[in-house]
Structures are given as structure tokens and as C-alpha cells.
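# A closer look at the structure
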Amino acid sequence: MEVKIYQKENKLNLFNLVKDSFKDIYKSRFLARQLAERDIKAQYRQSYFGVLWAFIMPLATALVWIVLNNSGTIQLTETGMPYPLYAFSGTLIWSIITESINSPLKSTNAARGILTKINFPKEALIVSGIYKLLFNTSIKVILLIIFVFYYDVGFSLQLLLVPLAIFGAVLFGTTLGLFITPIGLLYTDINRLITFGMQFLMYITPVVYVIPKSGLLKTIMNLNPITPIILTTRDLVVGINSEHVMYFLLVLALCLPLLLLGLIIYRISIPIIVERLSA
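Residues numbered from 1 in each chain as written. Predicted model: local features only at pLDDT ≥ 70, side-chain atom pairs only at ≥ 80, totals over all residues. Heavy atoms only, no water.

### A word on the packing of aromatic side chains
For the coordinates displayed, the defined rule picks out four aromatic pairs. A ring pair is formed by tyrosine 150 and tyrosine 151, whose centres lie 5.0 Å apart and whose planes are at 85°; its orientation type is edge-to-face. The exposure class of tyrosine 150 is exposed, given its relative accessible area of 65%. Exposure remark for tyrosine 151: the relative accessible area of 27% places this residue in the partly exposed category. Site record: aromatic cluster; members linked through ring pairs are Phe88, Phe147, Tyr150 and Tyr151. Positioned above the aromatic ring of tyrosine 26, the side-chain terminus of arginine 29 is 3.9 Å from the ring centre. (Phe/Tyr/Trp six-rings, centres within 6.5 Å; stacked < 30°, edge-to-face > 60°. Buried < 20%, exposed > 50% of the residue type's maximum accessible area, 1.4 Å probe, protein only. Lys NZ or Arg CZ within 6 Å of the ring centre and 35° of its normal.)

Structural data, given as C-alpha cells:
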């Protein structure tokens, strides 16, 4: 008599993983808020400048380019708006994207102590990082609006869409950050590589100067997925009809499935990495 043995197949159900991930995000929303409040208070408690640090760095970067441009050290193409506003808006949006990319890794790294001791939904760390990101971003947006009125650009209805464009920047950065986080927890070199890579990437993105009219750099900038995020957000700030809206929406549309994939990878990998770290 032939005996057949059936074994239960252990297959990963992607739909259930996404569903469980969002369920844990909802359940841990209070914990995420507490973690964010604790980190924000700790970040600024012993800081003399406090929340000013949220926009000191983009302001300082923009100031360097403004001085170089005004002194004639470098000759930049006409931007179609006051150059200080062009440079500051670009560096500010860039800082939001950079902070979004670093946020998942930074939040997860900061919680290493409790990860190995307490069992809780790890997605709370992602949400906590987004809360902190939105807090810092809101301060930057206020200063950006002040710049808009200072340079007499004036108010336009398109300015009301800026928060949506900035949300797109946060979505793009967070999605990329989710893929980087598992590797970054294992190898500290990743954090340094991100810092170096973003500094290089800034020069092939229209952050402080416009896209050239021809040449290889024009092609690279046009293919760069960060380009439509920077340009669309900046155009909305000054009330200009953007030529890159469709590319911007395409990038966001691609981010949505990648965000879900990133959440799945995060959910599967973090417990394994935590077990390895605690061994």
C-alpha cells in the first residue's frame, strides 16, 4: 500500500503581509506618536538654536550659491525668478527628500535598544520617523512661504498644492529609505554611502541651477526621478505652470507599489536582523 505524506507549503502571501503591516501601523499609531514626541523633545531640549536647525542647513547651502552667483564667481543660467528664492526652495525641497530617505534607517537604528528587548509592531518606527519628518517639514514650509512674500512673488492658488507636492517628496524618500534600512542596520557604511551619494546626486538635479539646454547633463537631469519632484514643487511655490507634472505623477504612481514592497521587506527582514543583533 502506497503511503503519501502531504506537507503544508509555507508560502509567503504578499497580500496578507501588506494587510498585516497596515493593521500593525494602525494599532501602533499611539506608540509611534509617543516615540516621535520623545525624539523631537530630546532633539531640541539641549539645543541653543532649537527648531532653527530644521532650516539652517538648507539656508546655509543656498546662501553659498547665492554669494557665488552674485559675486560673479559662477555664471548661472536665468532661473525665471529671484535667484535667492530659486536656490533656497531647491535646497529646502532637497533637504526634505534627503531626510525622508534617512528617516526609516535613523528611526530603526535609534530603537536598537528596545528592539532586542520588547516585542512591538516594528512599523511604529516608520510612522514615528514620518511624524518627526512632517514636524521638521512644516517649519521649513513656513520659512519658504516667508521667502515667497519677501521677494514679492505673491500668493497664487497653486501655493495651496505645495503640501501635496511635498507629500510626494516624502513618499518618494520614505519608499527608497525602506529598501535601504535592512542593509543599513547590518552595515554602518551604508549611512556614509547615502550621505556621499546624495551630495553627488544634488549636482545632477536642478536644485541650485536650471537644466542645461543641451548636452549629456541635460539628459541625465531629465532622467533623474528627483528632477520632477524638485521642479514641480518649486513651480507650485511661485505659481508657474509646471511642464513636469505628468512625470511627477508617474514617479509617485511607481512609488506606491514600491512602498508596499518596501513595507513587506521591512516586515520580514527586521525581526531576522534583530535576532542576529541580539545573538
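Past the structure itself, the notes keep going.
### Brief notes about the pattern of salt bridges
With the rule as written, the count across this model stands at eight salt bridges. Between arginine 267 and aspartate 24 there is a salt bridge, with its nearest N and O atoms 2.8 Å apart. Pair noted here: arginine 267 is in helix α11 (residues 245–278) and aspartate 24 is in helix α1 (residues 14–27), with a separation of 243 residues, a long-range link. Of the charged contacts in the structure, one is a salt bridge between aspartate 39 and arginine 38, with a shortest N-O distance of 3.0 Å. In this structure, a network of salt bridges that share partners links the residues Asp24, Lys27, Glu123 and Arg267. (Salt bridge = Lys/Arg side-chain N within 4 Å of Asp/Glu carboxyl O. Helix = DSSP H or I, 4+ residues; strand = E, 2+ residues; numbered from the N terminus.)

### A closer look at the side chain of serine 21
Looking at the element boundaries, serine 21 is found in helix α1. Take serine 21: its relative accessible area is 1%, and that puts it in the buried class. With residues up to four places along the chain from it excluded, the contact list for serine 21 reads Glu123, Leu263 and Arg267. (Contact = heavy atoms within 4.5 Å.)

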